[in-house]
Amino acid sequence: MTDNFLRISGAVTEKPTHKKSPSGVEHCNFVIEHSSMQEEAGFPRSAFCYMPVAVSGPLASQLKNKLSKGMQIRVSGFITYHQSKTKPGKLVLHAQYIEQI
């Protein structure tokens, strides 16, 4: 197995959406906005991104009515590529752990 792990902190940009699949699995989707100063080649660099987050199963159920726009959180999990027929593809963080900070 190869490594695929991402941990990022930031603010929830909008109210999370909650859905249940036809098989009964809970899903929660939202976007996190990250902004920080990092060091690259010995120099400070501003880092900024929006990262779509997908949460499934029991963790998604636990998040109902707990996440809100503007909340500062730390999310960790794995990333994968999502592509639809009508929209360009994007990387999505599939959360396995979320904490409020």
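This text goes with the structure placed above it.
These figures come from a predicted structure and were not determined experimentally.

1. Description of the nonpolar core
Now for step 1: Counting residues in hydrophobic clusters, the biggest one holds 18 residues, and the most contacted among them are Phe30, Ile32, Val53, Val55, Ile73, Val75 and Ile98.
Now for step 2: Listing elements by their share of this core, those giving two or more residues are strand E1 (6-12), strand E3 (26-40), strand E4 (43-56), helix H1 (58-63), strand E5 (72-82) and strand E6 (90-100).
Now for step 3: When near neighbours in sequence (up to four residues on either side) are disregarded, Val75 contacts Leu6, Arg7, Ile8, Ile32, Val53, Leu93, Ala95, Tyr97 and Ile98.

2. So, the state of the cysteines
Now for step 1: Scanning all chains against the criterion turns up 0 disulfides.
Now for step 2: Cys28 takes part in no disulfide bond, and the closest cysteine sulfur, belonging to Cys49, lies 18 Å away.
Now for step 3: The buried category is assigned to Cys28, whose relative accessible area is 0%.

3. What to know about the pattern of salt bridges
Pairs can form between side chains of opposite charge whenever their charged atoms are close.
Now for step 1: The final tally for this structure, using the stated rule, is 4 salt bridges.
Now for step 2: Measuring nitrogen to oxygen at the nearest pair gives 3.6 Å for the salt bridge that ties Glu26 to Lys20.
Now for step 3: Assessed through its relative accessible area of 55%, Lys20 is described here as exposed.
Now for step 4: The partner of Glu40 in a salt bridge is Arg45, and the shortest N-O contact between them spans 2.7 Å.
Now for step 5: By relative accessible area, Glu40 is classed as partly exposed at 43%.
Now for step 6: Each member of the salt-bridge network shares a partner with another, and the members are Lys20, Glu26 and Lys64.

4. Regarding unusual backbone geometry
Most of the time, phi is negative for any residue but glycine, and the peptide bond is trans.
Now for step 1: Even without a glycine there, the phi angle at Ala41 is positive, about 55 degrees.
Now for step 2: Relative to the assigned elements, Ala41 resides in the loop between E3 and E4.
Now for step 3: Residue class for Ala41 comes out exposed when judged on its relative accessible area of 72%.
Now for step 4: Although it is not a glycine, Asn65 sits at a positive phi angle of roughly 65 degrees.
Now for step 5: For Asn65, the position within the fold is in the loop between H1 and E5.
Now for step 6: Taking relative accessible area as the criterion, Asn65 reaches 82% and is therefore assigned exposed.

What counts and what doesn't
- Residues numbered from 1 in each chain as written.
- Predicted model: local features only at pLDDT ≥ 70, side-chain atom pairs only at ≥ 80, totals over all residues.
- Heavy atoms only, no water.
- Core = buried A, V, L, I, M, F, W, Y, C linked by side-chain atoms within 4.5 Å.
- Buried < 20%, exposed > 50% of the residue type's maximum accessible area, 1.4 Å probe, protein only.
- Helix = DSSP H or I, 4+ residues; strand = E, 2+ residues; numbered from the N terminus.
- Contact = heavy atoms within 4.5 Å.
- Disulfide = S-S within 2.5 Å.
- Salt bridge = Lys/Arg side-chain N within 4 Å of Asp/Glu carboxyl O.

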